[in-house]
Amino acid sequence: MAEPSKVIHVRNVGHEISENDLLQLFQPFGVITKLVMLRAKNQALLQMQDIPSAINALQFYTNVQPTIRGRNVYVQFSSHQELTTMDQTAQGRGDEPNRILLVTIHHMLYPITVEVLHQVFSPHGFVEKIVTFQKSAGFQALIQYQLRQSAVSARTSLQGRNIYDGCCQLDIQFSNLDELQVHYNNDRSRDFTNPNLPTEQKGRSSQPTGYGDVGGMYALEAHGARAVGFPQMANAAAIAAAFGGGLPPGISGTNDRCTVLVSNLNPDRIDEDKLFNLFSLYGNIVRIKLLRNKPDHALVQMGDGFQAELAVHFLKGAMLFGKRLEVNFSKHPNITQGADTHEYVNSNLNRFNRNAAKNYRYCCSPTKMIHLSTLPQDVSEEEIVNHLAEHGTIVNTKLFEMNGKKQALVMFETEEQATEALVSKHASSLGGSIIRISFSQLQTIRENSQ
């Protein structure tokens, strides 16, 4: 392996792979300062903020094969220690001080408005103007101070900091622009020196060129519309509550593709309901389609991009019915309704309609232990064992009561047996009750505990 460098060389970058795809692959490991696509060679160069971030990324992808849009990509340290190419936003000019800052926000779990940015940047001096927009590098803003020294102070103090605990990380450069043109005072742009500007945008054409997609703002209220950066913004509060403001390692929180391609299934044992039972652990299911021309492939459309990312992250490589599952984001944005699709969007078995924060907190890869709830009050351990025994060797069980309701832990010999029991028996009837099954992250069953 080459000498460690903060520059990472990525190979097999097909034409279908965008800058944003690469950013999503590496953002969990730190701030990305530069990205150059070498289209003619199907390669890319990507510069992390520091060498430890690059080392963490490469160590992770030594054990986990990185795939983008179903294509394996290969990563190694570059022979370059530094990228001298101008950042591709063409608005940053690196370290030459200027009163206008170009700010990129990574790990964006909450919508960022002009008011939020003003609150963060105004302690360092008088902010004259702010413009926000969406580019391939992510959500960005241009912030114009009255004095150059204020911009220098803000960049020194805020670079690499998070706006919120564990998310919304600031990556700040000096811009090469001399003056910002602001036409509207609203949540996307503001001229603090001219409060009399209109709030409405009559048409996109009047937006200044070079500012990118100024209309592509993240917004909670518009969730579902394509202009929104990430539809999972509507779940921001639940996600933050579940993960303590941060995200599990390896989860970027920025994926906007809702449909997942599952391959290497066992076509003799799998059906749509069993896939629903497994994937519904990570989010609400819209619809599922088994591919008739490829019987070991299926498409699963999740409720939003964050839930799809959880499913890909936690289920890739899981064993089910003797097969090791391959789980990747699909190139299809959604599954079209048809005779061969199963609809689940209105299913009362979707787990994330209620207690979303609690369900996010229980997300994990398959384990040997399953947790059963909504059991009949008079159920016995023997009945539970009889209900599940066909799926594998049960090592231990525990029946207990929580808040007056019967629950159980069942430990199998292997994760695969526990997974088979979950996909086959979740939402099945036991003693007249429809039972609910999840994976438990407990390692052992303590006899004296509930």
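Residues numbered from 1 in each chain as written. Predicted model: local features only at pLDDT ≥ 70, side-chain atom pairs only at ≥ 80, totals over all residues. Heavy atoms only, no water.

As annotated in an unreviewed UniProt entry, the protein chain carries the name Polypyrimidine tract-binding protein homolog 3 isoform X1 and is attributed to Theobroma cacao.

With that settled, consider the sheet that holds strand β3 (residues 43-48). Across the sheet, 4 strands lie side by side as β2-β3-β1-β6; this open sheet has antiparallel pairing. Every other strand in the sheet has two partners, leaving β2 (32-38) and β6 (74-77) as the edge strands with one partner each. Neighbour-to-neighbour, the strand axes of the sheet open up by a mean angle of 20 degrees, direction not taken into account. Where strand β1 (residues 7-11) lies against β3, 5 bridges are found, and the strand directions are antiparallel. Residue pairing in the sheet places Ile8 in a bridge with Leu46 of β3. On the sheet, helix α1 (residues 19-26) packs against β1, β2, β3 and β6 and is oriented at approximately 135 degrees with respect to β2. (Pairing = 2+ DSSP bridges. Helix = DSSP H or I, 4+ residues; strand = E, 2+ residues; numbered from the N terminus. Axes fitted to C-alpha atoms, helices over the stretch in contact; angles between N-to-C directions. Contact = heavy atoms within 4.5 Å.)

Attention now goes to the packing of aromatic side chains. Applying the stated rule across the entire model yields 8 aromatic pairs. Between Phe306 and Tyr360, the ring centres sit 5.6 Å apart and the planes meet at 70 degrees, which makes this aromatic pair edge-to-face. Here Phe306 is found in helix α7 (residues 305-315), whereas its partner Tyr360 is found in helix α8 (residues 356-361), with 54 residues between them in sequence. No difference in accessibility class separates Phe306 from Tyr360, as the two residues are buried. Ring pairing ties together the aromatic residues Phe26, Phe29, Phe60 and Tyr61, which thus form one cluster. (Phe/Tyr/Trp six-rings, centres within 6.5 Å; stacked < 30°, edge-to-face > 60°. Buried < 20%, exposed > 50% of the residue type's maximum accessible area, 1.4 Å probe, protein only.)

A general feature of soluble globular proteins is that nonpolar side chains tend to end up buried together. Counting residues in each nonpolar core, the largest one holds 52 residues, and the members touching the most others are Phe279, Tyr282, Ile370 and Leu372. Ranked by residues supplied to this core, first place goes to α7 with 7 residues. The contacts of Leu372, once residues within four sequence positions are left out, are Ile384, Leu388, Gln407, Ala408, Val410, Ile435, Arg436 and Ile437. Counting residues in each nonpolar core, the second largest holds 26 residues, with Ile112, Val120, Val127 and Cys168 among its members. (Core = buried A, V, L, I, M, F, W, Y, C linked by side-chain atoms within 4.5 Å.)

Turning to the layout of surface pockets, a few remarks are in order. Its boundaries defined by the atoms lining it, the largest pocket holds a volume of some 1,200 Å³. Around the largest pocket, the lining is made up of 42 residues, and of these Lys358, His371, Ser373, Gln407 and Arg436 lie nearest the centre. Secondary-structure elements contributing two or more residues to the lining of the largest pocket are α8, β20 (369-373), β21 (394-402), β22 (405-412) and β25 (436-439). Sorting elements by how many residues they give to the lining of the largest pocket places β22 first, with 4 residues. Class assignment for the residues of the lining of the largest pocket results in 17 nonpolar, 17 polar and 8 charged. (1 Å grid on protein atoms, 1.4 Å probe; cavity = no way out; pocket = protein on both sides within 12 Å on 5 of 7 lines; lining within 4 Å. Points joined across faces, edges and corners; volume = space filled by probe spheres on them. Nonpolar A, V, L, I, M, F, W, Y, C, P; charged D, E, K, R; others polar.)

It is worth spelling out the sheet that holds β20 at this point. Judged by pairing direction, the sheet is antiparallel, and its 4 strands sit side by side in the order β21-β22-β20-β25 without closing on themselves. On the outer flanks of this sheet lie β21 and β25, each paired with one strand and no other. Put simply, the sheet's adjacent strands are angled 20 degrees from each other on average, direction ignored. Inspection of the sheet shows β20 paired to β22 by 4 bridges, in the antiparallel sense. Each bridged residue has a counterpart across the sheet, and for Ile370 the counterpart in β22 is Val410.

It is worth spelling out helix α10 (residues 415-425) at this point. Counting buried positions along α10 yields 8 of 11 residues, so the element is predominantly enclosed. All of the buried residues along α10 are Gln417, Ala418, Thr419, Glu420, Ala421, Leu422, Val423 and Lys425. Residues of α10 that are buried sit in contact with α6 (272-279), β16 (319-320), β20, α9 (381-388), β22 and β25. Following α10 by one or two positions, Ala427 has its phi on the positive side, about 70 degrees.

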